[in-house]
Structure formats: C-alpha cells, structure tokens
Amino acid sequence: MSSSFSDRLAVVPQYLIPKQTLTAFAGWVAGQQWGSTTTAIINRFVRRYNVNMAEAANPDTASYPSFNAFFTRPLRANARPLADSDFVSPVDGAISQCGVIDGDRIFQAKGHSYTAQTLVGGDAALAAAFTNGTFATLYLSPRDYHRIHMPCAGRLTRMIHVPGDLFSVNPTTARGVPGLFARNERVVCVFEGEFGPFVMVLVGATIVGSMATVWHGVVNPPRPGQVREWTYEMGNINLDKGEEMGRFLLGSTVVLLMPQGTWQLPTDWTPARPIRMGEAMGQRP
C-alpha cells in the first residue's frame, strides 16, 4: 500500500464524524471549572503528552481553574529569549512546510497545494502582495506552548475570520486532505511591517474550541457561517517582535506569508524540524 493511499485512508473517518459538534463540546468541556476533576484531567494530559511544566510561569497544575487556563498558560520570564535575528519563530512546534510561494500556490504536502487567495478568504488584492513570496506552515502539537507571538514588529490593519471545516491539522491529515489549511476555519491577521505587508493565519482544527487575539479577545465562537472582517486604523495597534499576538484554545497551525524579497529562511528550516518561539527564523536578504 502506498504512503499517499494510506494517508488518504487514514483521514476517511474525519469526513464522517460531526466535527463542528465535537469541537463545540470540547470547547465547552475545556472551559468548565470542575475543581479536582479538572486537575485530574490536566494531570493526565501532562503525563500523556509529556508537557514540561517547569517552563510554566505557574507549574502547579492544581492552580488552573479550567483546562483552557492550563492550555494557554504563560511561560516563566526568559523561558524563550529572542534571537538576534530579523525574524523569530512565533510559536513552539514543528515545521510542517516552508519555502517559496510558487506564483499564488503554497505547497502543503506531496500532491497537495492551495492558493494564497483561498487561504486569506478570497481577497485577490491581498493575496497578490505575496505572489512568489515566502511562507512557513508551523504545527503546534498538544504538548506545545500555545500562545502565538510576533515574528517581527508590525502594525495591525485587518483581521478576517473565514468559516470552514475543522479537520485535524496533524502531518497525516496534511498529506491526506487536499487544501487543508485553506479549507479549515481560520483567522487571518494582516500587518504592515517596515518591509511591507505580512500575514499570520491562525488555522482552526478538530476540537480547537476557539482562537483569540490580544486586541480582540476570543474570535470564535461565534461561528456565523460567513466571512467577518475588522479593520484597524494604521498605528492604533502596534506589536513588537516577540510580543504575544494571540493564542489557540486547543492546538493547531500558524501559516506565515511574506512578500517576495523580504524573508530569507534559515537553511536548516526543513519539514518536521522542531522549533521554539523566539529562535532565529531568518533574515532580510
């Protein structure tokens, strides 16, 4: 059996399960405050995924009132020093894919790609800014730190909530579901940097209860089934390199897009490589 066929076969159940209902239920459970029961759930999760609580600002699992509070826990001061680099990794996780955008097409996995226009919710003018640009798709596993930080300084201009599916975003699903990151629910955050625009896309997934940004709070739910957009006056929301910009309530993926000629990826950035928030993510050419 070929690996591509086995990957497609492995994701068949995801087409059949009620992903929206399961995700809504998981989000409700994660927000409940059940005292010792919540602590037991957290402790089991820590053991199952080998979570390093020594890095947490508060390592006491019994102190978290809900699973969401634990999952979005801050790290202790200086746990993630920023590298002396033009761009730094915005998350802990692993590289799913990265490289040059082929015209408008972003590589997902062998045999699969999707367009920048679809990823950003259909805005052709916005997507055109990243023609032949550079992208990085960064996967956060359950054990990872789930706050998202800025890869460089930026001024927020728009935020777009795009409805969609809620497939898992693990590597097997990325190989088995065509256009995965452009068909799942996502929050597109558009910034203006000193070199021009860049985009950070927060991609939802099965049982990702919600996504939140520091300027808006929880973006979803609600899930009204249509594109929602917010615009921001230039200069009203400025975030520095390494500053927190958002978080996942249960894990997922971040896709970065930058214009052609602005971002040179490190030579050791290859698929499946582990990454840590704050490490060097390349320079201006």
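Right above here is the structure, for reference.
Caption draft 1: Quick peek at the layout of surface pockets. There is about 260 Å³ of room inside the second largest pocket. Taken together, 17 residues line the second largest pocket, and the ones lying closest to its centre are Glu55, Arg80, Asp92, Arg143 and Asp144. When contributions to the lining of the second largest pocket are tallied by element, the ones reaching two or more residues are β1 (93-100) and β15 (274-275). Of the residues assigned to the lining of the second largest pocket, the class counts are 8 nonpolar, 2 polar and 7 charged.

Caption draft 2: How the structure looks around the side chain of threonine 137. Within the fold, threonine 137 resides in strand β4 (residues 134-139). In contact with threonine 137, not counting residues within four places along its chain, are Ala94, Ile95, Ser96, Gln97, Tyr114, Phe181, Thr253, Val254 and Val255.

Caption draft 3: Spatial organisation of empty space enclosed by the protein. As enumerated under the stated definition, the model contains 1 cavity of 30 Å³ or more in all. There is about 30 Å³ of room inside the largest cavity. In this structure, the largest cavity is lined by Val29, Gln32, Trp34, Thr38, Ile41 and Phe67. Residues of the lining of the largest cavity, tallied by class, amount to 4 nonpolar, 2 polar and no charged.

Caption draft 4: Region of the structure containing the sheet that holds strand β5 (residues 147-149). The strand order β5-β13-β9-β10 describes an open sheet built from 4 strands, whose pairing is antiparallel. The sheet is open, and its two borders are formed by β5 and β10 (217-220), each paired with just one other strand. Averaged over neighbouring strand pairs, the angle between their axes works out to 30 degrees when direction is ignored.

Caption draft 5: Structural detail: the packing of aromatic side chains. Throughout the structure, instances matching the rule amount to 14 aromatic pairs. Between phenylalanine 45 and phenylalanine 70, the ring centres sit 5.8 Å apart and the planes meet at 80 degrees, which makes this aromatic pair edge-to-face. Highlighted residues: phenylalanine 45 in helix α4 (residues 36-49) and phenylalanine 70 in helix α5 (residues 67-71), separated in sequence by 25 residues. On the accessibility criterion, phenylalanine 70 (0% relative accessible area) is buried. Between the aromatic rings of phenylalanine 45 and phenylalanine 71, the centroid separation amounts to 6.0 Å while the plane-to-plane angle is 75 degrees, which identifies the pairing as edge-to-face.

Scoring rules and cut-offs
Residues numbered from 1 in each chain as written. Predicted model: local features only at pLDDT ≥ 70, side-chain atom pairs only at ≥ 80, totals over all residues. Heavy atoms only, no water. 1 Å grid on protein atoms, 1.4 Å probe; cavity = no way out; pocket = protein on both sides within 12 Å on 5 of 7 lines; lining within 4 Å. Points joined across faces, edges and corners; volume = space filled by probe spheres on them. Helix = DSSP H or I, 4+ residues; strand = E, 2+ residues; numbered from the N terminus. Nonpolar A, V, L, I, M, F, W, Y, C, P; charged D, E, K, R; others polar. Contact = heavy atoms within 4.5 Å. Pairing = 2+ DSSP bridges. Axes fitted to C-alpha atoms, helices over the stretch in contact; angles between N-to-C directions. Phe/Tyr/Trp six-rings, centres within 6.5 Å; stacked < 30°, edge-to-face > 60°. Buried < 20%, exposed > 50% of the residue type's maximum accessible area, 1.4 Å probe, protein only.

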